[in-house]
Amino acid sequence: MSSKLITTDVLIIGGGLAGERCAIEAAAAGQEALILSLVPPRRSHSCAAQGGMQAALANCAKASGDSPTVHFLDTVRGSDWGADQEVANIFAEEAPIAVRELAHFGVPWSRVRGGKNHYFIKGEEVDIDEDIESDGLIGQRDFGGTAKWRACYAAAGTGHAALYAVDSEVVRLGITVRDRTEAVALIHDGSRCVGAVVRDLRNGSHFTVMAKATVIATGGYGRIYGQYTSNATINEGTGASIALDTGVVPLGNMEAVQFHPTTLSPSGILVTEGCRGDGGYLLDKNGDRFMVAAEPEKQELASRDVVSRHMQQHMRDGFGIESPYGPHLWLDIRHLGEEHLRTKLLEVWDICRDFVGRNPAKELIPVRPTQHYSMGGVRVNKDGQAYGLAGLFAVGEASCWDMHGFNRLGGNSLAETLVSGRIVGREVAKYASGRELQADTGLAFAALADAEQRAAGWLARSGAGPNVYEIRDAMGETMMHKVGIFRNGDELGEAVAEIGQLLDDCDNAVLRCKDPGVNPELAFALRLKGMLRLAMTVARGAQARTESRGAHYRSDFPLRNDRDWLNRTLVRWGVDESEPSFSYEPTGIVDLPPGHRGYGSDERIEMTDTLDHYNEDVLQVQTGHGRLASTEEMGSRLKRGAWKAVTG
Amino acid sequence: MSDTEQARRLRFEIFRYNPEDENSEPHTDVFELDETPFMTLYIALNQIREKQDPGLQFDFACRSAICGSCAMMVNGRPALACRTLTSDLPEKIQLYPLPTFKLIGDLSVDTGTWFREMAEKTEAWIHERLPFDPDALEQRMSDDVAAAIYEGDRCIECGCCVASCGLANVDDTFLAGAGLNRVARFMMDPRDSRSDSEWFDVVAGDQGVFACIGMMACEDVCPKELPLLEVYAYLRRKTLGARFLAKGDKA
């Protein structure tokens, strides 16, 4: 077989936590797994998760009474009722197993110290006795939007420790990882996916991988916000983009984009929510703790969408600190003390020293909200099977599974990568083990020829034309300023027009570098159109959704509208179509009825339908939208009414 | 930098070679840039690529000094480019790729292969005592032990220590700072079932801690400030102990 064609049982696109955990599960079930990764897998963006991983272990005093059911409740409320409640329940039940499994893989979780412990809660110093019986069990810290302390952590390097432990399992199992490779197209016949066309980022050549099952695990699409993101430079949404290119796979809830309250101004580098969980607070230019008045109950630990909006509004009202890069606010963690900062928040200490030249034990940290997480992604059923294309799966941030709805809680993404990696890996193995590889090489080589032609087309274009980096920068400005924290119909309309223009510009852009080999300008140019198409699905999805839910806030439609919008956006982009097409499906079977989140606004437009009626035809409607059958029937893992026991 | 000061004109001398281009020869190119406040090498290199030479190859991912992608030789010293402020450097800035790793092009090197091989060679994973039981409570560990393991786990595999190592530059089998630190991290982990004498071959051989020639540039250049001197002392102590134990076994 030619070196242009590789075969494997399971192809995993993306070497972060979700992809690697999925590969482990498939390999352990006897399937040959191949991981493609843009970077050596330990450099994946999972390593940037700092403060914690949510799982209801309930080992420390302030976690007492926690359970998967409470975690489920927090997650659905956090999602502003956008989540699939069955998926949220599966997640909450399996998160403790995933945390303990990571301990087994070697993660040095912080542990409970029995006896007197010194904490800061809502700005007050308190001493709490930890049960001596709990000494040595995995500890928890507080995070936003949760009723209990639930975030398990390893200092502020939780993602790093988790990724290294999981990658060491990948090495132990001998799973092949091809780093510096990028999937640029899926190979499919319109109903089944059989692999991907790959560009080798060491030498610029293309090859194909044919597999029984293909998994997209490429993370989020934060870089469509240009420089206004905490995401790594590699989070360009390539997986969602190649799924959209098929024309048959829908993306879910693309307009649901999270802005993290505390990223460094101006670089956008993340400063963990663990700072506020451990007792840090926000200050304005007058030194006032404005979040106490804004959210008396949760204060700085309301959900991220709520805190980010209060911050943005407070800066608009003139209470920000002016800088050459625009206004910012202060994060104050001085009172936590140098010892705490240099152990439990060590990575924050390093980041402050390296990027703003400040000592956080003595000085304030300049922060502002920035794009952080993509709730939207490849729409999948509860097994991780993509809508519309058998044999294609998606997992982690790249997917819309959908446990986050319109706002993800801090620490739930790290947990999702491991929980869904386990579950989807199992389903992928099941799918692959019952099948022979259908090596339709004609299909593969046609897709390969297309990809090579696309690259050659870029190199052949000459003369004067727009520059790809300028198009990228313009996209970032449009997305942050017109599809950002506060949105409205007028600006969204402008954004749609601007992105449309940029798509045209992209078709006329000209490369200045024609070098053979990987050619960094070409590598970026090949992604740019896909990024613009994702940006268009976000902007148009936001334009169409005339309500406010979670991170999607419309100043012109400020209320959550459960009467008309208790649904999930699906967007497909037909091959040869100039516009994406939208449809809407029920979020899933709704067990916890829509209500107040416990923070943010309590005003909303109530549902007029009955829950029974809403739930009646969920399966039928979702199937009509391309959902493929799951191994177990819909709703089988929803613990109906369990929440009643913990809501009092 | 205050507004009244004249911005510096920075002069970058950058190593260039594209192995995929048969016309390419190793050489250096010079680029000039006006310095701006808080300019890092991440900002500077992207400006050079986007405005002056779109073919320039280098690697960044997190740009916040945690992923380890961007190590390079900065004025002769290995460093993470993303956290290097130009204000800490003279006006003339020489950038070369890390030695000891295979060159991909210009400033980009293949650290992934080196670190994967090191992990395979040292079997850098927990050698489990029992299979995972999803229904069991986690094994207890004191927070102090967890903190000590975490300290060793903080290595980001950037390769600065390897590039700075006198021995690794002439012997590509030497484990170097990152490899030895990785060994020590698993050695001190009570969850790992390997005994000190099982570790002996890995640590005491020609590629292990006793081969180290003690120049300690590794500790000086480590961007995470890992206490490598202490790590090597720990490994020597444990290995010698294992040697005596092994002799005792035979007697």
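That block above? That's the structure.
Attention here is on the structure that accompanies the text. Note that the coordinates shown come from a computational prediction; the quantities given were computed from them, not determined experimentally.

**Looking at the pairing of strand S1 (residues 5-13) of chain A**
Residue and element names in this part refer to chain A.
Thought 1: Burial analysis of S1 places 7 of its 9 residues in the buried class, which makes it a mostly covered element.
Thought 2: By the bridge criterion, 8 bridges tie S1 to strand S10 (residues 206-216) in an arrangement that is parallel. Opposite Thr8, over in S10, you have Ala211 as the bridge partner.
Thought 3: Here S1 runs beside strand S2 (residues 33-37); their pairing, made up of 4 bridges, is parallel. When the sheet's bridge partners are listed, Ile13 is paired in S2 with Leu36.
Thought 4: In this region the chain leaves S1, passes through helix H1 (residues 17-28) and returns to the parallel neighbour S2; the handedness of that crossover is right-handed.

**What about a negative patch on the surface?**
Residues and elements named next belong to chain A.
Thought 1: A cluster of acidic residues, Asp609, Asp612, Glu616 and Asp617, forms a negative patch on the protein surface.
Thought 2: Within the secondary structure, Asp609 is located in the loop between strand S22 (604-605) and helix H16 (611-616).
Thought 3: Residue Asp609 is classed as partly exposed on the basis of its relative accessible area, which comes to 32%.

**Here's the deal with the layout of surface pockets**
All names here are of chain A.
Thought 1: There is about 1100 Å³ of room inside the second largest pocket.
Thought 2: If you go around the second largest pocket, you meet 43 residues; those closest to its centre are Asp245, Arg454, Lys529, Gly530 and Arg533.
Thought 3: Broken down by secondary-structure element, the contributors of at least two residues to the lining of the second largest pocket are strand S8 (181-188), helix H5 (238-245), helix H12 (441-460), helix H14 (489-508) and helix H15 (520-544).
Thought 4: Split by residue class, the lining of the second largest pocket holds 19 nonpolar, 11 polar and 13 charged.

**Some remarks on the sheet that holds strand S14 (residues 329-332) of chain A**
Residues and elements named next belong to chain A.
Thought 1: In spatial order, the strands read S12-S15-S14-S13; together these 4 strands make up an open sheet with antiparallel pairing. Two strands bound the open sheet, and with one partner strand each, they are strand S12 (257-264) and strand S13 (281-283). Averaged over all pairs of adjacent strands, the angle between strand axes in this sheet comes to 50°, irrespective of strand direction.

**So, the interface of chain A and chain B**
Thought 1: Across the contact, 76 residues belong to chain A and 71 residues belong to chain B.
Thought 2: Of all residues in chain A, A:Arg43, A:His104 and A:Arg111 bury the most surface against chain B, accounting for 13% of the area lost on that side.
Thought 3: If you look at where chain A meets chain B, you find 11 salt bridges.
Thought 4: Ionic pairing is found between A:Arg100 and B:Glu138, a salt bridge with its closest N-O pair at 2.6 Å.
Thought 5: Mapped onto the side of chain A that touches chain B, the elements with two or more residues apiece are helix H3 (85-105), helix H4 (158-172), strand S7 (176-179), helix H10 (346-356), helix H13 (468-482) and H15 of chain A.
Thought 6: With 8 residues, H10(A) is the largest single contributor of residues to the side of chain A that touches chain B.
Thought 7: Class assignment for the residues of the side of chain A that touches chain B results in 34 nonpolar, 19 polar and 23 charged.

**A short note on the packing of H1(A) against helix H11 (residues 412-433) of chain A**
All names here are of chain A.
Thought 1: The geometry of H1 relative to H11 is characterised by a closest axis approach of 7 Å and an angle of 35° between their N-to-C directions. Of the two possible hands of crossing, H1 and H11 adopt the one that is right-handed. Facing H1, whose interface residues are Leu17, Ala18, Arg21, Cys22, Glu25 and Ala26, H11 presents Leu414, Thr417, Leu418, Gly421, Arg422, Val424, Gly425, Arg426, Val428 and Ala429.
Thought 2: Partitioning the contact of H1 with H11 into residue classes produces 9 nonpolar, 3 polar and 4 charged.

**Here we look at the pairing of strand S20 (residues 567-572) of chain A**
Residues and elements named next belong to chain A.
Thought 1: Where burial is concerned, most of S20 is hidden: 6 out of the 6 residues are buried.
Thought 2: Pairing of S20 with strand S21 (residues 581-586) involves 6 bridges; the strand directions are antiparallel. Bridge pairing links Asn567 to Pro586 in S21.

About the cut-offs
Residues numbered from 1 in each chain as written. Chains lettered and ligands numbered in written order. Predicted model: local features only at pLDDT ≥ 70, side-chain atom pairs only at ≥ 80, totals over all residues. Heavy atoms only, no water. Buried < 20%, exposed > 50% of the residue type's maximum accessible area, 1.4 Å probe, protein only. Helix = DSSP H or I, 4+ residues; strand = E, 2+ residues; numbered from the N terminus. Pairing = 2+ DSSP bridges. Right-handed = clockwise from strand over helix to strand, strands pointing away. Patch = residues over 30% accessible without salt bridge, like charges linked within 9 Å, V, L, I, M, F, W, Y side chains within 5 Å. Areas by Shrake-Rupley, 256 points an atom, 1.4 Å probe, with all protein chains shown as cover. Salt bridge = Lys/Arg side-chain N within 4 Å of Asp/Glu carboxyl O. Lys, Arg positive; Asp, Glu negative; His and termini not counted. Charge placed at Lys NZ, Arg CZ, Asp CG, Glu CD. 1 Å grid on protein atoms, 1.4 Å probe; cavity = no way out; pocket = protein on both sides within 12 Å on 5 of 7 lines; lining within 4 Å. Points joined across faces, edges and corners; volume = space filled by probe spheres on them. Nonpolar A, V, L, I, M, F, W, Y, C, P; charged D, E, K, R; others polar. Axes fitted to C-alpha atoms, helices over the stretch in contact; angles between N-to-C directions. Contact = heavy atoms within 4.5 Å. Buried area = accessible area lost by both parts, 1.4 Å probe. Left-handed = near helix turned anticlockwise from the far one by under 90°.

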